[in-house]
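As a plain string of letters, each chain reads:
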Protein chains: 2
Amino acid sequence: MDTQAKQIVFEQLQQLLHDRIIDNETIRNEHGVGFSYHACTPPDYVVYPSSTEEISEIVKICATHQISIIPFGAGTSVEGHILALKGGVCIDLRLMNQMLEINQADMYATIQPGVTRNQLDEALQGSGFFFPIGPGVNATLGGMASTRASGTNAVRYGTMKENVLSLEVVLANGQIIRTGSKAKKSSAGYDLTHLFVGAEGTLGVITELTIKLHSYPQAIYAAVCSFPTVEAAVNTAIQTIQKGIPMAKIELLDAQMMTAINCYSALSYAEVPTLFLEFHGSQTELEEQITQVEAIAHSFDANEFIWEKDEAARIKLWRARTDAAPASVALRKDGQLMSTDVCVPISRLAKCITETQKDIQETDIYAPILGHVGDGNFHLTIVIDPNDPEEFEKAKALNKRLVKRALAMEGTCTGEHGIGIGKLSYMTLEHGKAIHTMWAIKQALDPLNLMNPGKLLPSLD
Amino acid sequence: MDTQAKQIVFEQLQQLLHDRIIDNETIRNEHGVGFSYHACTPPDYVVYPSSTEEISEIVKICATHQISIIPFGAGTSVEGHILALKGGVCIDLRLMNQMLEINQADMYATIQPGVTRNQLDEALQGSGFFFPIGPGVNATLGGMASTRASGTNAVRYGTMKENVLSLEVVLANGQIIRTGSKAKKSSAGYDLTHLFVGAEGTLGVITELTIKLHSYPQAIYAAVCSFPTVEAAVNTAIQTIQKGIPMAKIELLDAQMMTAINCYSALSYAEVPTLFLEFHGSQTELEEQITQVEAIAHSFDANEFIWEKDEAARIKLWRARTDAAPASVALRKDGQLMSTDVCVPISRLAKCITETQKDIQETDIYAPILGHVGDGNFHLTIVIDPNDPEEFEKAKALNKRLVKRALAMEGTCTGEHGIGIGKLSYMTLEHGKAIHTMWAIKQALDPLNLMNPGKLLPSLD
């Protein structure tokens, strides 16, 4: 932005926010990259609003001077969602972290967008309810909604898409709207809630969310089970899903990933393809589910299940799983994480993963595999040497082949990470002419292209 | 439309479709009202395309001459969705009724929009899979998607919103796009699928749907249970949901409705507030669920459950429930159905229903109540004398008070029927400024306002 406009905006924002606007380089850089492998691209200013009305005013000031706006939650996104590609104002939502209402009777919570996963968990402790979506990092709920996040429980409870009931949003012109209602279902007009969920901040700033709560299960069992081949593990997952067994979690870790978590968390699991499983339900439901899944697993030559029935052991098990990404990075000194994910129809999953493993071996890149295999979704936690441009190019090419493989199998270029800038170049390949429809919506709601510009939608030039 | 444009369009459509364009008055009138209480408003022509490409051509011809387009499935919508308010071309989709693919491994079916509920059921018979959404009439799946339909099973399996995976759509400019993918989840771009689901044909014509299939339950039990008061019945439903018991169906029929179905289906149920219930799961799951629900019901002084465990008896029970609307109409000679529905957060449901019952009594209108109470959704099947304008006005006022009551309780003006023209006047009350966002999207995708004009979005004048 030009220097004069920049100065005017700074002054106007300072008048509104007093000391809650920062132009210090350290803070700006902290807001310029997130968990992505892209080069840090800091905003001009970082602001810390404390209300929806303030956000509306910030957006109006920016709109008047045609300055970009980037909403910021916890900075945990992996595809470059928060890079300030055109400079502008980063709206850090950490002060908007109030739990506004926990409505047990109607099983929802209304929260501000800066509430984090851990904070939400703590607030729900002892209530008999929980929120199932956990992306494996302590993201904010606003950010999770914006990237349509999911995680290990999605196989049973759905993703953010299924678990956001309504939103409050500040639009690009500063107008404040509410989408949806508190009713469980509605046929009243266009589904704006689902338009903003997954929009990555390119259509507006989410300033409040009403999310669905779920009854805490009567009983929870977790298990670990190792397999002779990755194919056997994946086929176990496929058959389990096809039989309609309501798994709460069914996660694949390949041999390389098992080595990483053993080292990182001082564990001694067999370093072979492994499923991490979790069952939710009443005691009798669990017994039925377990009998069925064990039978399927054994038909694919699985080893015995290692059961974790008490809470502490279960938490330890899932902590090891959650730490998979840092565990992968830790195995390589000064390694840089390049996390990627795709999702395919479940019947294609075994082929997609085995072909990808072959590709990884041939490319000679360190890329352990981790999968929410019940959903057909898996990740490569590629770790590269950031100072080796050749390796970086090899990793990008591997990622590209992965995406093309998934798309050829009628899948998607990302199951839960989102587009940001990392997956921009695959959008047209995946959506074809529908890209024009997406652009038409973008232009209708943000005609000056100020809301998180350069993300989600590829340039059509 | 002007006579000359009309003639040109007729000739061009005839060239494309040969004898599959009709301007005969009987046929036009058959396409002008559906199951709504509004006056018949026929289109100028009815066309019967047999492919997506033909629909694209039809839309292009209409767009060139600025002629309205109304997609038509089975004509079962109740809020006037298919009235040709500006004349134009009705696209009857009955020839596009092919089951394109039943993919058991990935649990989806790809179908044309003219496939009906009954046809889908028959096609899935014996497959081990079923499609749970049933709006109680033999609607088409294209129509069900367009109104975001649901029905009795939604409490467990969700609505059309949760059960459409991807769509093919012809846009207002004739362009053909695909939304979503065959993967179970995706974070790749704006959620266009959910924008077209519930859009009532105002943004484009749905020409293909991929819908989720569900594993047929191992066991199904159905039961009928009567209560001393409607409040007791509703509170049983509320507690059942709040305890997280995964009911497949939990339907309320008030005393008046029980009388109607007894007469219509020659049954002898007690004519008191009654819940119709269905349980899906394994034998042991069902036993657990039943024990819990019976305990809740008895705490509200329910009578004994009448169980229907074999298929024939169960089908008979649900047939009686499905026939509730015609049963209500049958009780009044030459009566006209004015069906309406609202949905509220479940904790407000007992209050909403009892206040509505009181209102019905005071208004002295015949309006049996029927509810998908597990979702907080209920219907009044108002039956009026179509030749009594005063009664018609009283019924409309009753409907208006019902909607305002639901909105005051943070609910929605329609849980599953849609807006059409019948609920237009409540859209701004429910959505406030978000109406402008909906209009911005409409104008972006249909700048000439040719797609089903006058529906879903109220005029902002």
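Residues numbered from 1 in each chain as written. Chains lettered and ligands numbered in written order. Predicted model: local features only at pLDDT ≥ 70, side-chain atom pairs only at ≥ 80, totals over all residues. Heavy atoms only, no water.

Looking at an unreviewed UniProt entry, one finds chain A named D-lactate dehydrogenase (cytochrome), with Emticicia agri as its source organism. Its UniProt record gives chain A the following Cofactor (unreviewed entry) comment, quoted word for word: "FAD". (UniProt positions renumbered as here; feature names shortened; annotations may be inferred.)

Draft legend 1. Seen up close, the sheet that holds strand 16 (residues 336-343) of chain A. All names here are of chain A. Ordered in space as 15-12-14-13-17-18-16, the seven strands form an open sheet in which the pairing is antiparallel. Of all the strands in the sheet, just strand 15 (306-308) and strand 16 have a single pairing partner and so form its edges. The sheet shows a mean angle of 20° between the axes of neighbouring strands, taken without regard to direction. Pairing between strand 17 (residues 369-372) and strand 18 (residues 377-384): four bridges, direction antiparallel. When the sheet's bridge partners are listed, I369 is paired in strand 18 with L380. Of the strands in this sheet, strand 16 and strand 18 are in contact with helix 15 (residues 389-408), which crosses strand 18 at around 170°. (Pairing = 2+ DSSP bridges. Helix = DSSP H or I, 4+ residues; strand = E, 2+ residues; numbered from the N terminus. Axes fitted to C-alpha atoms, helices over the stretch in contact; angles between N-to-C directions. Contact = heavy atoms within 4.5 Å.)

Draft legend 2. Here's a closer look at the sheet that holds strand 12 (residues 219-226) of chain B. Residue and element names in this part refer to chain B. Within the open sheet, the seven strands sit side by side as 15-12-14-13-17-18-16. Their pairing is antiparallel. In this open sheet, the two edge strands, each paired with only one partner strand, are strand 15 (306-308) and strand 16 (336-343). Adjacent strand axes in the sheet meet at a mean angle of 20° when their direction is disregarded. Note: strand 12 against strand 14 (residues 274-281), eight bridges, orientation antiparallel. Note that in strand 14 the partner of I220 across the bridge is H280. Sitting on the sheet, helix 15 (residues 389-408) touches strand 16 and strand 18 (377-384), and the angle it makes with strand 18 is about 170°.

Draft legend 3. Broad picture of the domain arrangement of chain A. Split by domain assignment, chain A resolves into domain 1 (3-92), domain 2 (99-215), domain 3 (219-325) and domain 4 (332-408). Taking only C-alpha atoms, the centre of domain 1 of chain A and the centre of domain 3 of chain A are 42 Å apart. (Domains from an automatic or database assignment.)

Draft legend 4. How the structure looks around the UniProt feature "domain: FAD-binding PCMH-type" (unreviewed entry) in chain A. In this numbering, the UniProt entry assigns the feature "domain: FAD-binding PCMH-type" (unreviewed entry) to residues 38-216 of chain A. Secondary structure across residues 38-216 of chain A divides into 22% helix and 25% strand, with the first and last C-alpha atoms of the span separated by 39 Å.

Draft legend 5. Summary view of the relation of the copies chain A and chain B. Mapping chain A onto chain B calls for a screw motion: a turn of 180° about the axis and a shift of 0.0 Å along it, with 0.0 Å RMSD after fitting. Both chain copies can therefore be described as sitting about a two-fold axis. In this assembly the copies share their binding face: 100% of the residues contributing to the interface of chain A also contribute to that of chain B. (Least-squares fit on C-alpha atoms with pLDDT ≥ 70 in both.)

Draft legend 6. Representation of helix 9 (residues 230-242) of chain A. Residue and element names in this part refer to chain A. Between the first and last C-alpha of helix 9 there are 18 Å, a value that for 13 residues agrees with the 18 Å anticipated at 1.5 Å per step. The inward-facing, buried residues of helix 9 contact helix 6 (154-157), strand 13 (249-253), strand 14 (274-281), helix 11 (283-299) and helix 14 (349-363). Immediately downstream of helix 9, the backbone of G244 shows phi near 75°, a positive value. (Expected span 1.5 Å × (residues − 1).)

Draft legend 7. Seen up close, the interface of chain A and chain B. The interface of chain A with chain B comprises 81 residues on the first partner and 81 residues on the second. Among the residues of chain A in contact with chain B, K185, S187 and Y190 of chain A are the three that bury the most area, contributing 16% of the side total. Counting across the interface, chain A meets chain B through eight salt bridges. Between D375 of chain A and K185 of chain B there is a salt bridge; the shortest N-O distance is 3.3 Å. Sorting the residues of the side of chain A that touches chain B by element identifies helix 6, strand 9 (176-179), helix 8 (192-196), helix 9, helix 11, helix 16 (427-431) and helix 17 (434-445) of chain A as the ones contributing at least two each. By residue number, the principal contributor to the side of chain A that touches chain B is helix 17 of chain A, which donates nine residues. Of the residues in the side of chain A that touches chain B, the class split is 32 nonpolar, 31 polar and 18 charged. (Buried area = accessible area lost by both parts, 1.4 Å probe. Salt bridge = Lys/Arg side-chain N within 4 Å of Asp/Glu carboxyl O. Nonpolar A, V, L, I, M, F, W, Y, C, P; charged D, E, K, R; others polar.)

Draft legend 8. Structural context of the packing of aromatic side chains. On inspection of all chains with the given rule, the structure shows 18 aromatic pairs over all chains. Ring centres of F130 of chain A and Y216 of chain A lie 5.8 Å apart, and the angle between their planes is 80°; this geometry places the pair in the edge-to-face category. A residue pair is termed long-range when its members are at least 10 positions apart, and F130 of chain A in strand 7 (residues 129-130) and Y216 of chain A in the loop between strand 11 (214-215) and strand 12 (219-226) qualify at 86 residues. Overall, F130 of chain A belongs to the buried group, its relative accessible area being 12%. Taking the centre distance of 5.3 Å and the plane angle of 90° together, the rings of F130 of chain B and Y157 of chain B count as edge-to-face. Placement of F130 of chain B in strand 7 (residues 129-130) and of Y157 of chain B in helix 6 (residues 154-157) is noted, with a sequence separation of 27 residues between them. Across the pair, Y157 of chain B and F130 of chain B agree in class, each one buried. Feature note: the residues Y221, F279, F305 and W307 of chain A constitute an aromatic cluster, connected by ring pairs. (Phe/Tyr/Trp six-rings, centres within 6.5 Å; stacked < 30°, edge-to-face > 60°. Buried < 20%, exposed > 50% of the residue type's maximum accessible area, 1.4 Å probe, protein only.)

Draft legend 9. Here's a closer look at the environment of L209 of chain B. Residue and element names in this part refer to chain B. Relative to the elements of secondary structure, L209 occurs in strand 10 (residues 204-212). Note: C-alpha distance between L209 and S166 (43 residues apart in sequence) is 6.0 Å. Each residue touching L209, except ones within four places of it in the same chain, is listed here: A109, T110, I111, Q112, P113, L141, G142, A145, S166 and L167.

Draft legend 10. Summary view of the pattern of salt bridges. Residue and element names in this part refer to chain A. Counted according to the given criterion, the structure contains 52 salt bridges over all chains. For E54, the salt bridge goes to R20, with nearest N and O atoms at 2.8 Å. Taken as a pair, E54 in helix 3 (residues 52-64) and R20 in the loop between helix 1 (3-17) and strand 1 (21-22) lie far apart in primary sequence, 34 residues in all. Accessibility expressed as a relative area gives 12% for E54, which makes it buried. Here the residues in one salt-bridge network are K351, E355, D359, R401 and R405, joined through shared partners.

Draft legend 11. Inspection of the pairing of strand 16 of chain B at higher detail. All names here are of chain B. For strand 16, the tally of buried residues reaches seven of eight residues, placing the bulk of the element in the interior. Of the strand pairs in this sheet, strand 16 and strand 18 are connected by eight bridges, and their pairing is antiparallel. From the neighbouring strand, T340 faces strand 18, where its bridge partner is L380.

Draft legend 12. Focus on the environment of A139 of chain B. Residues and elements named next belong to chain B. Note that A139 resides in the loop between strand 7 and helix 5 (141-146). Among the residues examined, A139 registers a relative accessible area of 7% and is labelled buried. Each C-alpha atom, one on A139 and one on S77, is 8.2 Å from the other, the two residues being 62 residues apart in sequence. When neighbours within four sequence positions are excluded, A139 is seen to be in contact with A74, T76, V115, T116, R117 and M144.

Draft legend 13. Focus on the pairing of strand 5 (residues 99-103) of chain A. Residues and elements named next belong to chain A. As paired elements, strand 5 and strand 6 (residues 108-111) share four bridges and run antiparallel to each other. When the bridges of strand 6 are listed, E101 appears paired with T110. Adjacent in sequence and paired antiparallel, strand 5 and strand 6 are bridged by four residues, among which M107 carries a positive phi angle near 55°.

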